[in-house]
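Structural overview for review
Residues per chain are reported as follows:
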Amino acid sequence: MPATTLPTPAGLQITPRDRKFGRGEQLTRLWHGGRVEATAIYNALSTTFPVGEAFFVESVRAFREGTPATLAGEIRAFTTQEAIHSREHDAFNRRAIDAGYDLSRLEAQIEKRLAVTRSRGPFVNLAATMALEHFTAILAHQLLANPRHLAGADREAAELWRWHAVEEIEHKGVAYDTWLWATRDWPRWKRWKLKAKVMLFITRNFVVDRTAGALELMRQDGMTGAKAWALLFSYLWLRPGMFRKIAGAWLRYFLPGFHPWNEDDRHLLAAYEASAAKAAAPERKVRRAI
Ligand SMILES: [Fe+2]
Ligand SMILES: [Fe+2]
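Description of the structure in this document. (Residues numbered from 1 in each chain as written. Chains lettered and ligands numbered in written order. Predicted model: local features only at pLDDT ≥ 70, side-chain atom pairs only at ≥ 80, totals over all residues. Heavy atoms only, no water.)

Turning to the coordination of the iron ion (ligand 2), a few remarks are in order. Donor atoms from the polypeptide that coordinate the iron ion (ligand 2) comprise Glu-82 (OE), Glu-133 (OE), Glu-133 (OE), Glu-168 (OE), Glu-168 (OE) and His-171 (NE2), at 2.1 to 2.7 Å from the metal. When the donor residues of the iron ion (ligand 2) are listed from N- to C-terminus, their spacing reads E-x50-E-x34-E-x2-H. Distance-wise, the iron ion (ligand 1) is placed 3.7 Å from the iron ion (ligand 2), both being coordinated by Glu-82. One end of the pair, Glu-133, is in helix H4 (residues 122-145); the other, His-171, is in the loop between helix H5 (155-170) and helix H6 (174-182), and 38 residues separate them in sequence. Overall, Glu-133 belongs to the buried group, its relative accessible area being 1%. Overall, His-171 belongs to the buried group, its relative accessible area being 0%. (Donors = N, O, S within 2.8 Å, 3.2 Å for Na, K, Ca; no water. Helix = DSSP H or I, 4+ residues; strand = E, 2+ residues; numbered from the N terminus. Buried < 20%, exposed > 50% of the residue type's maximum accessible area, 1.4 Å probe, protein only.)

Right under this line is the structure:
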């Protein structure tokens, strides 16, 4: 691998946490603090995960033959994590459907985009996965670093999003390292050009499709026109402004020597584990008392 990139931290463990969320519980329709726009954008994102993450796995696994042992192990752990994410977001999406939403238009749009990407061959698929994994990692960072994003959300739904965010950070280097391995014989310029081109294409589609998806779900809640646009724009770009807050991290993808782990955010993983241990502690005390 080129000396200009920092590898995934040596001691990092990618640990699939096989958890289930909200089974048997009814999801409140406006589960995100009663807010139409917040619920809509998270539901639109969740709709992408079951098929999207299956695509990530397939794109990375296409290059796993002959990878060094450490990377091969990381690909296995990544595959397991993404498979469980797909399962849990599928369950979450079914609960959103039970709450009254029709996700079929959003799902059809995702399938359409995936069909176009798939037709472009394995290197473009891997570059698309790498770009989307960067998106998920920087969204995940924001979600964990700034409690405002999930403030007021249904407890179990918020838990699902935090759990997913943690694992996205944990495996954020896997698609990228697979790419560095798969293109190790490419000239630097060729590598950067494809990576940058695909990122721009993916970004345009991501912003357009998630915005359209969220507006469609807001329409299903009876909110349309300028009011819907203004609410969604303000939520995504102003307060809490998720898209604005990830803009700097998004731009760094284009810098020479970029690697997802140049931003070492393992402190967010440690904070999550510490709060999970704290939450489990009273339960253990009760058990000991019994
Ligand atoms: Fe995931
Ligand atoms: Fe991922």
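Picking up where we left off.
This paragraph deals with the side chain of Thr-129. Looking at the element boundaries, Thr-129 is found in helix H4. Within the local environment of Thr-129, its side chain forms a polar contact with the side chain of Ser-59, the two groups lying 3.1 Å apart. Contact partners of Thr-129, with chain neighbours within four places excluded, come to Phe-55, Phe-56, Ser-59, Val-60 and Ala-175. (Polar contact = N/O pair within 3.5 Å; in protein donor to acceptor, adjacent residues only side chain to side chain. Contact = heavy atoms within 4.5 Å.)

What follows covers the nonpolar core. Ranked by size, the top nonpolar core spans 87 residues in total, and within it Trp-31, Tyr-42, Trp-161, Trp-179, Met-218 and Tyr-253 carry the most contacts. It is H4 that provides the largest number of residues to this core, a total of 13 residues. Discounting residues that sit within four places of it in the chain, Trp-161 has contacts with Trp-31, Tyr-42, Leu-45, Ser-46, Phe-49, His-89, Phe-92, Leu-143 and Leu-150. (Core = buried A, V, L, I, M, F, W, Y, C linked by side-chain atoms within 4.5 Å.)

These results come straight from atomic positions and should not be treated as a statement about function.
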